[in-house]
Amino acid sequence: MEGSTPRGRTRIQKEKREVILEAALEVFSTNGFRGSTIDQIAEAAGMSKPNLLYYFRRKEDIHETLMHRLLDTWLAPLKELDNIGDPMTELRSYIRRKLEMARDYPRESRLFANEILQGAPRIMPMLEGELKELVDEKAEVIKGWMRAGKIARTDPWHLIFSIWATTQHYADFDVQVRAVLGPDRGGDGRFEDAARFLEQLFLEGLKPKAG
């Protein structure tokens, strides 16, 4: 457990926690959970190990805090998928939000990918609980659009998985993307290029079939 309760933290304590979490994000996203140590996090945070342990007693506590924050951030765009909105507009917005997150939160994406590749030993309850419940809920929204004839029939779960895979690729494999695109196409404009391509890929494929 952590060294102090949320209600009892001073401004300085909150700031110190944020410094630790920022340092831990860099360390975990680079080395993975198993390859990271409290000493590395303390060094990256610019504080002594005893000082760090005042705020977080174990490496696991730091990692758990980061993963909870990450899941909240990751789920926010999916939560906004609105059943009363126009399906194409909603899905276009979702694709773009996910690409914005790939651009703005690459370390968080690598942290999550590392955890999943290890079998998700520290976040499985979150995956089987909050994440599954939300995906099931939004799959029903997509099925409702299909029943109404607003989009073509497909598997809504695999549609969501495919959007995750194609958008998060630009965070997890950013080095590869930039290397292959080269200096002329590998700049910041690559995200807009990706957005236009993925919109065409998904939205054209989801247009209702005539007849």
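Note that this is a predicted model, so its numbers are computed, not measured.

Calculation rules
- Residues numbered from 1 in each chain as written.
- Predicted model: local features only at pLDDT ≥ 70, side-chain atom pairs only at ≥ 80, totals over all residues.
- Heavy atoms only, no water.
- Helix = DSSP H or I, 4+ residues; strand = E, 2+ residues; numbered from the N terminus.
- Expected span 1.5 Å × (residues − 1).
- Buried < 20%, exposed > 50% of the residue type's maximum accessible area, 1.4 Å probe, protein only.
- Arc of directions from axis to C-beta.
- Contact = heavy atoms within 4.5 Å.
- Polar contact = N/O pair within 3.5 Å; in protein donor to acceptor, adjacent residues only side chain to side chain.
- Phe/Tyr/Trp six-rings, centres within 6.5 Å; stacked < 30°, edge-to-face > 60°.
- Lys NZ or Arg CZ within 6 Å of the ring centre and 35° of its normal.
- Domains from an automatic or database assignment.
- Buried area = accessible area lost by both parts, 1.4 Å probe.
- Salt bridge = Lys/Arg side-chain N within 4 Å of Asp/Glu carboxyl O.

Caption draft 1: View of helix H10 (residues 189-206). In this model, H10 (18 residues) spans 26 Å end to end at C-alpha, consistent with the 26 Å of a helix rising 1.5 Å per residue. Looking at H10, one finds that the buried residues are Arg-190, Phe-191, Ala-194, Ala-195, Leu-198, Glu-199, Phe-202, Leu-203 and Leu-206. In an axial view of H10, the angular spread of the buried residues amounts to 165°, which keeps them on one side of the axis. Looking at the buried positions of H10, the neighbouring elements they touch are helix H5 (87-104), helix H8 (156-172) and helix H9 (174-185).

Caption draft 2: Local environment of the side chain of Thr-65. Secondary-structure assignment places Thr-65 in helix H4 (residues 59-79). Given a relative accessible area of 14%, Thr-65 falls into the buried group. Within the structure, Thr-65 has its side chain in polar contact with the backbone oxygen of Asp-61 (distance 2.9 Å).

Caption draft 3: Broad picture of the packing of aromatic side chains. On inspection of all chains with the given rule, the structure shows 3 aromatic pairs. Measuring from centroid to centroid gives 5.9 Å for Phe-28 and Phe-33, while their planes differ by 20°, and the two rings are stacked. No difference in accessibility class separates Phe-28 from Phe-33, as the two residues are buried. Centroid distance Phe-161 to Trp-164: 5.6 Å. Interplanar angle 50°. Geometry classified as tilted. Within this pair, Phe-161 and its partner Trp-164 are both found in helix H8, separated by 3 residues, close to a single helical turn. Lying over the aromatic face of Phe-33, Lys-59 brings its terminal NZ or CZ to 4.2 Å of the ring centre.

Caption draft 4: Highlighting the domain arrangement of the protein. For the protein, the assigned domains read domain 1 (10-57) and domain 2 (62-205). At the junction of the two partners, domain 1 supplies 17 residues and domain 2 supplies 12 residues. Among the residues domain 1 hides against domain 2, the three largest losses belong to Leu-25, Ser-29 and Phe-33. Together they make up 40% of the total. For the pair domain 1 and domain 2, the number of links is 3 salt bridges.

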